[in-house]
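Single-letter residue listing:
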Number of protein chains: 2
Amino acid sequence: MLERRIQHQGLRDRVITAKEAQAWIKNGMTVGVSGFTKSGDAKAVLRALADRVERTGEELKINLYSGASLGETDTILAEHNLIARRLPYQTNAQLRKSINFGDVGYTDQHLSHTAELLRGGSLGEIDLAIIEATAITEDGGIVPTTSVGNSPIFVEKASKVIVEINVNIPEEFVGLHDIYLPNGRPNRTPIPLTNVRDRIGIPYIPCDPQKIVGIVVSHYSDTPSSIVPPDAETERMAGYILDLFEHEVRHGRLPSNLAPLQSGVGSVSNAVLSGLAASRFENLEIYTEVMQDAVFELFDAGKVSFASSSSLTLSDRAVDRIISSISQYRDKIILRPQEISNHPEVVRRLGVIAINTALEFDIYGNVNSTHVRGTHMMNGIGGSGDFARNAGLTIFVTKSSAKDGRISSVVPFASHIDHTEHDVDVIVTERGIADLRGLTPRERAKTIIQNLAHPMYQDELLDYFKRAERRGGHTPHILEEALSWHTRFAETGDMRNWSLVHA
Amino acid sequence: MLERRIQHQGLRDRVITAKEAQAWIKNGMTVGVSGFTKSGDAKAVLRALADRVERTGEELKINLYSGASLGETDTILAEHNLIARRLPYQTNAQLRKSINFGDVGYTDQHLSHTAELLRGGSLGEIDLAIIEATAITEDGGIVPTTSVGNSPIFVEKASKVIVEINVNIPEEFVGLHDIYLPNGRPNRTPIPLTNVRDRIGIPYIPCDPQKIVGIVVSHYSDTPSSIVPPDAETERMAGYILDLFEHEVRHGRLPSNLAPLQSGVGSVSNAVLSGLAASRFENLEIYTEVMQDAVFELFDAGKVSFASSSSLTLSDRAVDRIISSISQYRDKIILRPQEISNHPEVVRRLGVIAINTALEFDIYGNVNSTHVRGTHMMNGIGGSGDFARNAGLTIFVTKSSAKDGRISSVVPFASHIDHTEHDVDVIVTERGIADLRGLTPRERAKTIIQNLAHPMYQDELLDYFKRAERRGGHTPHILEEALSWHTRFAETGDMRNWSLVHA
C-alpha cells in the first residue's frame, strides 16, 4: 500500500519511525507544522518528541508555527513545556494557561498574514517542517489531509521536511486540495480566483524531494471538534441574521443566493448555517476558513452548491461518515492554503458575508474577540480580521451576557480591541440585531444599547452614554468610568450595578 | 477657449453660473463632491449655495460625501451650518468643532471603503454630484483636476451631475488620470495593477451626458497645504527610518530601491521623503494617496522614477511651479480613484511601505490615529488603515510627547484604537525606533517603553507594565489605572505624575 501512498520511488527508503524522526528536532529550532483548527495536524513526530523529553528529562523548547490550532498535540506539547514561542493561533486550555502566565511567547496574527511575514523574512527561518499527508506524488509533492493551512509556505521555507503519511485518510483525498501561493514581490501578479469554485493551483504542495529527511506512517485521527448544538438563543440569533439576508435581497443589496458565506468556528455560526438549511435560500456558496458539520448538512439538504475552506473540522458525530465518503463531495469542495482562503484580495473581490464571534463589544461597536477581561488570551484573532475588514457584509455575534448574567457582552469601553468600529457592519445578540452601516458613533451607541444589550444592563449603559454625550466629542466617553464595569467584575465577580438593575 | 474645455458639443449650452447651479441643491439631499486633501474640490457651486443661504436665511442641510478633506469649502459650509452628515474624512477646524459638538453627523471611514459601500447600497442614493474638472471629453467624460478621490463612483451613482470647469488648471492635466473602478459583484475580476506605473483604465470619468445638468466655469484655486518644515526631531525620526531601510536591504528583506512608498500627510512623513533625497536610494516608487511637495523634490533630485496617488496636495511654495509645469511630470505620475490608490488588493500585492502618523499609542503598540483624549475627533482614519493592514512594512510615527511634555504619546492604554497591534510593525519617535515584528505583547511593551517613550514618562510606564505583568495575562494591564493618565490630564492639564518624573 505504501507504494500508492509514496509514488516517488526514491523516497520510499526514507520511511522511518516517529521515534527516529523526532531526533531531527533540536532545542531552539523553529518548526512549522501542518494543522488548522485541529485538522490535518502533525501528530506522530511531536508526540514522539514529547515521549523522548519525558524519558530523558532534557530541557528542550521549540518555536512552533502552525496553520491554526492543533488538536491533542497542542495539549501534549504544552504539558511537556516544549514550546518557547507559538504562532499564529491556538485554542488549547493548557497552552492558553502557559501563554497567560507568560511562559509561552504567543504572537497572535491575522491568519492570512503569517505566510506573508515568513516570505518577508521577519519571522526568521523555518528549520524543519512536519506535514501530515495523504500521499507523496511522483515528483515529491505532498498531498495534505484534512487541512492545508500554512503547510505550503512552511515546506517552501524549511530546509528540512518530515512527512507524516496518515493512512487513516482515504486516498480519495488526492485531488481535493488547490495549492497556490502568491509569487514574490516585486512583480507579484493578481490572485486569479474570481469564483469560490476556481482551481488556481495544483493539487499538492511542491517539495524538493532532497528536503524530505523522513517519512513517518501515522495512524492518528484528528481530534474531533466539539460543537455545541443550537439552543433557543442561538436559534433566535440565527433567525435575526436570516431576516437580515431576506431584507438585503428584497432591497437589491444581495442576490437571491446571497454572497459567499464565511462563518467562524462556534455555536452561533453553526446555528446560522443550520438555519439556512430550513430557509428559502438556495445555490449558496461558502468561502471560509473552516468547513464544519453544518456545511455538509447544507450539502445534503441541497442548499449549498460549493464550499471552499482551509480545513475540514468535523465533530465526532460526522467525522467518520464524511471522511469515508469524501468522494461524494469531491466536486463540491476545495481546500486551500489559509493565505488564500483568508486573503483580503479575494474576500473583498467576492464580497463575502462574514459571521464571527465577539467576546465583548462596546457601545460604539468596537469588538474584543480575544482577551478575557482585557488581559487574558482566549484563542486568538484567527481569521476574523481578514474577513471583517474586507467582507461585503460583516456580522459579529455573541450572547448579550455571560456567566449567568454577571458579565455583560456590551460594555461602555471594550477592554481590548481587535476590530474597530470601521470594520463592524452588524452585531447580533439574542436580544436583537443592530445594523450599524453608515451610522455615526452616537447613532451606533443608541442602536447598540437599545437593540443588543441585556435589559439588566440597558439602563446603566444608557445612563453612561447620556452623561458622556454631555461632555461632547465625536465618540463620547467618561474615561474615569470607561473600564469600571471590568474593575467591578474583578472586585465583586459581577458587572451589575445593583442600584441600577431593574430585576 | 470653452470649446477646447467642453469638447462635447451638445453640452456647451449647459454652461450656467454658479448661482444658477446651486439651485439644484435642495434641503436633505445627499451630494457627492470631488475633493481629496484639499485638492480638486468643488468650490464654486457650494460657495454660491452658502451665499444663497446667507441671503435667504433659509434652513438647508445636505449630506456631504467627498473623497477626503475639502479646502476652504469645508470651512464655508461648516460656518453656514449646511452639513447634516459628512463622510469619509475631513481636516477642518470649524467642521471638527461641529462634529465634536454633535451638530454634524460624521461617519469616519477607511478611504478605500466608501466607494464599495455606495456600490453595495448601504449609504443611500447620491442625489447630485459636483465635480471639478479640467475638461469634458467629446462623449461627456469628465477629466478631473488635481485629485480623483471618489468622483468616479459619485458620477456613476448620481442621478444629476454638475461639472465645475476650473480654467486655472492647465489643459495639460488631460491624460494624467487613470480611472478604473472594480466591476460589480459577483463576477468581479482582479484589479489588473501590478506596478505603480500601470495604467488600467481610461483618462476620464465616464458620464452619461444626459446626467450633466449644468457646467460652471470656476476660477478658484485649491487651498494650499501648510507643511511644517522638518525640525531637528522630525529629521532624527526620518533618520531612524532610513537606517531601518538600509538594514532591511542589507538583510535581503527589501530590494535596493525599496518598495513603493506610501506616506500620510504630515511633517514627519514629509521629512522622511526629504531625507530620501539625500540618501543613496534610487529609482524609488511612490504608491500613496497624496503627492506632497517632497515627491516633486525627489523627482527633481532624480530619486523617484514614478509616483501614483489620488491627489496632488501642494504648498503655497510649490503649487504654481508644479501646476504650470505639469507636462514635465506627465509621464511620471498617475492620479487614481482613492478606491484604487488605497485598495487592500493592490497595497498588499505591491508590498507598500506605509508611513503614517499616530496621535498616541499604548505600550503594546495599539495606535490611536483619530481621537484626542479618546473622545474628540481630530481628522479621521483616512487611508491609514487601508495601508497599515495590508502593507509589506507598516510604520507609525509621532513625537514622544506633546504640549511641552504635558502629554505622553506613549500611554498604558490607548484612549481610542484605530490600528491594533496586529497591524503595526514599527513605531518611531524622536527617541528611537521599535521594530515590533514577530514580538509578543510583553516583548513589545519592553521595546516600546525603552526605545520610544520620553524619559519623563519612561519610569512610570515601566512601573505600570511591571505591576501589570505580575497580574498575568497575555497582554497585562491594570484596568483601574489603564486610563488614569488621560484622566489625570483632564484634571490637571498634565499627564505627568511628578512623584515619578526624574526631571
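Residues numbered from 1 in each chain as written. Chains lettered and ligands numbered in written order. Predicted model: local features only at pLDDT ≥ 70, side-chain atom pairs only at ≥ 80, totals over all residues. Heavy atoms only, no water.

### Here's the deal with the overall build of chain A
Selection criterion: Numbering of helices and strands runs from the N terminus; a helix is a DSSP stretch of H or I covering at least four residues, while a strand is a stretch of E covering at least two. Every radius of gyration here is taken over C-alpha atoms, with the globule rule written as 2.2 Å times N^0.38, N being the number of residues. Relative accessibility thresholds used throughout: buried, under 20% of the residue-type maximum; exposed, over 50%; partly exposed, between the two (1.4 Å probe, protein chains only). For this analysis, residues touch if any pair of their heavy atoms sits within 4.5 Å. Accessible surface area values rest on a Shrake-Rupley calculation with a 1.4 Å probe, where residue burial reflects the displayed protein chains alone. Under the counting rule used here, the positive set is Lys and Arg, the negative set is Asp and Glu, and His together with the chain ends is not counted. Just so you know, the charge point we use is NZ for Lys, CZ for Arg, CG for Asp and CD for Glu.
Helix and strand counts for chain A come out as 19 helices and 27 strands. Here chain A has a C-alpha radius of gyration of 23 Å; the compact-globule value for 503 residues is 23 Å, and the two agree. Projected onto the principal axes, the alpha-carbon positions of chain A cover approximately 75 × 55 × 45 Å. Within chain A, the fraction of its 503 residues that count as buried is 65%. Contacts in chain A between residues far apart in sequence, at least 24 positions, make up 72% of those at least 6 positions apart. Total accessible area computed for chain A in this model is approximately 16,600 Å², and 48% of it derives from carbon and sulfur atoms. Averaging the coordinates of the 52 positive side-chain charges in chain A and doing the same for the 63 negative ones gives two points 2 Å apart.

### A few points about the relation of the copies chain B and chain A
The line we're drawing: We place the copies in one frame by least squares, fitting the C-alpha atoms of every residue whose pLDDT is at least 70 in both.
Superposing chain B onto chain A takes a rotation of 180° combined with a translation of 0.0 Å along the rotation axis, leaving an RMSD of 0.0 Å. The relationship between the two copies is best expressed as a two-fold rotation axis. In terms of C-alpha distance to the rotation axis, chain B has Glu345 of chain B as its closest residue, with the C-alpha 2.2 Å off the axis. Both copies present the same face, since 100% of the interface residues in chain B are matched by interface residues at the equivalent positions in chain A.

### Focus: the sheet that holds strand E10 (residues 212-218) of chain A
Residues and elements named next belong to chain A. Where we set the bar: DSSP bridges decide pairing: two strands pair if at least two such bridges lie between them. Here an angle of 0 to 180 degrees is reported between the N-to-C directions of two axes, which are lines fitted to C-alpha atoms, with helices fitted over the stretch in contact.
Taken together, the eight strands give an open sheet; going across it, the order is E1-E10-E9-E6-E2-E3-E4-E5, and neighbouring strands pair in parallel fashion. Among the strands making up the open sheet, the edge pair consists of strand E1 (15-16) and strand E5 (105-106). Where strand E6 (residues 128-133) and strand E9 (residues 160-166) come together, six bridges link them in parallel fashion. Across the sheet, residue Ala129 finds its bridge partner in E9, namely Val161. Against the sheet, helix H4 (residues 72-79) engages strand E3 (62-65) and strand E4 (83-87), with an angle of about 150° to E4.

### A few points about the interface of chain B and chain A
To keep things clear, this is the line we draw: Accessible area, probed at 1.4 Å, shrinks when two parts are joined; the buried area is that loss added up over both. We define a salt bridge as a side-chain nitrogen of Lys or Arg found within 4 Å of a carboxyl oxygen belonging to Asp or Glu. Within 3.5 Å is the distance limit for a polar contact, defined as a pair of N or O atoms, with the added protein rule that one can donate a hydrogen and the other accept it, and that residues adjacent in sequence qualify only through two side-chain atoms. Each residue is assigned to one of three groups, with Ala, Val, Leu, Ile, Met, Phe, Trp, Tyr, Cys and Pro labelled nonpolar, Asp, Glu, Lys and Arg labelled charged, and all others, Gly among them, labelled polar.
Taken together, the contacts link 73 residues of chain B with 73 residues of chain A. Between chain B and chain A, the buried area comes to about 5,900 Å², and carbon and sulfur atoms account for 53% of it. Along the contact surface separating chain B from chain A lie seven salt bridges. A salt bridge links Arg348 of chain B to Glu116 of chain A; the nearest nitrogen and oxygen atoms lie 2.9 Å apart. Along the contact surface separating chain B from chain A lie 39 residue pairs in polar contact (both at pLDDT 80 or more). Taken together, the residues of the side of chain B that touches chain A break down into 19 nonpolar, 34 polar and 20 charged.

### A word on the pattern of salt bridges
Opposite charge on two side chains allows them to pair when their charged atoms are near. Here the structure, examined in full by the defined rule, presents 67 salt bridges over all chains. For the salt bridge of Glu171 of chain B with Arg4 of chain B, the shortest nitrogen-to-oxygen distance reads 2.8 Å. Of this pair, Glu171 of chain B sits in the loop between strand E9 (160-166) and strand E10 (212-218) while Arg4 of chain B is found in helix H1 (residues 2-5), placing the two residues 167 residues apart along the sequence. What emerges from the salt-bridge pattern is a single network uniting Glu116, Arg119, Arg185, Arg188 and Glu339 of chain A together with Arg348 of chain B.

### Here we look at the sheet that holds strand E19 (residues 367-368) of chain B
All names here are of chain B. Across the sheet, three strands lie side by side as E19-E18-E25; this open sheet has mixed pairing. Looking at strand neighbours, the two that pair on one side only are E19 and strand E25 (410-411), the edges of this open sheet. Where strand E18 (residues 360-362) and E19 come together, two bridges link them in antiparallel fashion. Note on E19: the bridge partner recorded for Glu360 is Asn368.

### Focus: the nonpolar core
Nonpolar side chains in soluble globular proteins generally cluster together in the buried interior. To keep it simple, the criterion reads: The criterion is simple. A nonpolar core is a set of buried Ala, Val, Leu, Ile, Met, Phe, Trp, Tyr and Cys residues joined through side-chain atoms within 4.5 Å.
Counting residues in each nonpolar core, the largest one holds 74 residues, and the members touching the most others are Val161, Phe245, Leu276, Phe296, Ile333, Ile353 and Ile395 of chain A. For this core, the element with the highest residue contribution is helix H8 (residues 232-250) of chain A, accounting for seven residues. Apart from residues lying up to four places away in sequence, Phe245 of chain A is in contact with Leu254, Leu258, Leu261, Leu276, Phe281, Ile353, Ile355, Leu393 and Ile395 of chain A. Listed in part, the 73 residues of the second largest apolar core include Ile136, Val148, Cys207 and Leu261 of chain B.

### Details of the UniProt feature "domain: Acetyl-CoA hydrolase/transferase N-terminal" (unreviewed entry) in chain A
Condition: UniProt positions are given in the numbering used here, feature names are shortened, and annotations may be inferred rather than shown by experiment.
Per the UniProt record, "domain: Acetyl-CoA hydrolase/transferase N-terminal" (unreviewed entry) is annotated on residues 14-216 of chain A. With 24% helix and 19% strand, the stretch residues 14-216 of chain A has end C-alpha atoms that lie 9 Å from each other.

### Overview of the confidence of the model for chain A
Note the following rule: Predictor confidence is given residue by residue as pLDDT, running from a minimum of 0 to a maximum of 100.
When pLDDT is averaged along chain A, the result is 96; 99% of the residues meet or exceed 70. Here the prediction assigns the complex a pTM of 0.98, and the interface score ipTM is 0.97.

### Describing the UniProt feature "domain: Acetyl-CoA hydrolase/transferase C-terminal" (unreviewed entry) in chain A
When the UniProt feature table is mapped onto this chain, "domain: Acetyl-CoA hydrolase/transferase C-terminal" (unreviewed entry) is found at residues 329-464 of chain A. As a span, residues 329-464 of chain A carries 30% helix and 26% strand, and end to end its C-alpha atoms are 52 Å apart.

### Details of the pairing of strand E12 (residues 284-287) of chain B
When a strand is regular, its side chains alternate between the sheet's two faces. Residues and elements named next belong to chain B. Burial of E12 is two-sided: the residues Leu284 and Ile286 facing one way and the residues Glu285 and Tyr287 facing the other way are all buried. By the bridge criterion, four bridges tie E12 to strand E14 (residues 304-309) in an arrangement that is parallel. Looking at the pairing, Ile286 lines up with Ala307 of E14.

### Overview of the pairing of E6 of chain A
All names here are of chain A. Among the six residues that make up E6, six are buried, leaving the element largely enclosed by the rest of the structure. Pairing of strand E2 (residues 30-33) with E6, which is carried by three bridges, proceeds in the parallel orientation. Paired with Val31 across the two strands is Leu128, which belongs to E6.

### Let's talk about the packing of aromatic side chains
Two descriptors summarise a pair of aromatic rings, namely the distance from one centre to the other and the angle between the planes of the rings. Note the cut-off: Two aromatic rings, drawn from Phe, Tyr or Trp (for Trp, its six-membered ring), form a pair once their centres lie within 6.5 Å of each other, and the interplanar angle then sorts them: stacked below 30 degrees, edge-to-face above 60, tilted otherwise.
With the rule as written, the count across this model stands at 13 aromatic pairs over all chains. Centre to centre, the rings of Phe413 of chain A and Phe413 of chain B are 6.1 Å apart; their planes meet at 50°, and the pair counts as tilted. Highlighted residues: Phe413 of chain A in the loop between strand E25 (410-411) and strand E26 (426-429) and Phe413 of chain B in the loop between E25 and strand E26 (426-429), drawn from two different chains. An angle of 85° between the planes, with centres 4.9 Å apart, marks the rings of Phe296 of chain B and Tyr329 of chain B as edge-to-face. Of the two residues, Phe296 of chain B sits in helix H10 (residues 293-300) while Tyr329 of chain B sits in helix H12 (residues 326-329), which places them 33 residues apart along the sequence.

### Concerning the packing of H8 of chain A against helix H9 (residues 267-277) of chain A
Residues and elements named next belong to chain A. Inclusion rule: Here the word oblique covers every angle except those under 35 degrees (roughly parallel), over 145 (roughly antiparallel) and from 65 to 115 (roughly perpendicular). The hand of a helix crossing depends on one turn: near helix anticlockwise from the far one by less than a right angle means left-handed, and clockwise means right-handed.
In the contact formed by H8 and H9, the axes pass within 8 Å of each other and the chain directions differ by 55°. As far as their axial angle goes, H9 and H8 are oblique. Where H8 crosses over H9, the handedness of that crossing is right-handed. Along its contact with H8, which presents Thr234, Met237, Ala238, Ile241, Leu242 and Phe245, the element H9 presents Ser267, Val268, Ala271, Val272, Gly275 and Leu276. Residue composition of the contact of H8 with H9, by class: nine nonpolar, three polar and no charged.

### Considerations on unusual backbone geometry
In the segment running from Leu87 of chain A into Pro88 of chain A, the intervening peptide bond is cis, with an omega of -5°. Tracing the backbone through its elements, the reader meets Pro88 of chain A in the loop between E4 and helix H5 (93-101). Even without glycine at this site, Asn81 of chain A takes up a positive phi of about 55°. Among the structural elements, Asn81 of chain A can be located in the loop between H4 and E4. Positive phi outside glycine occurs at Arg373 of chain B, with the angle close to 55°. Residue placement: Arg373 of chain B occurs in the loop between strand E20 (371-372) and strand E21 (376-377).

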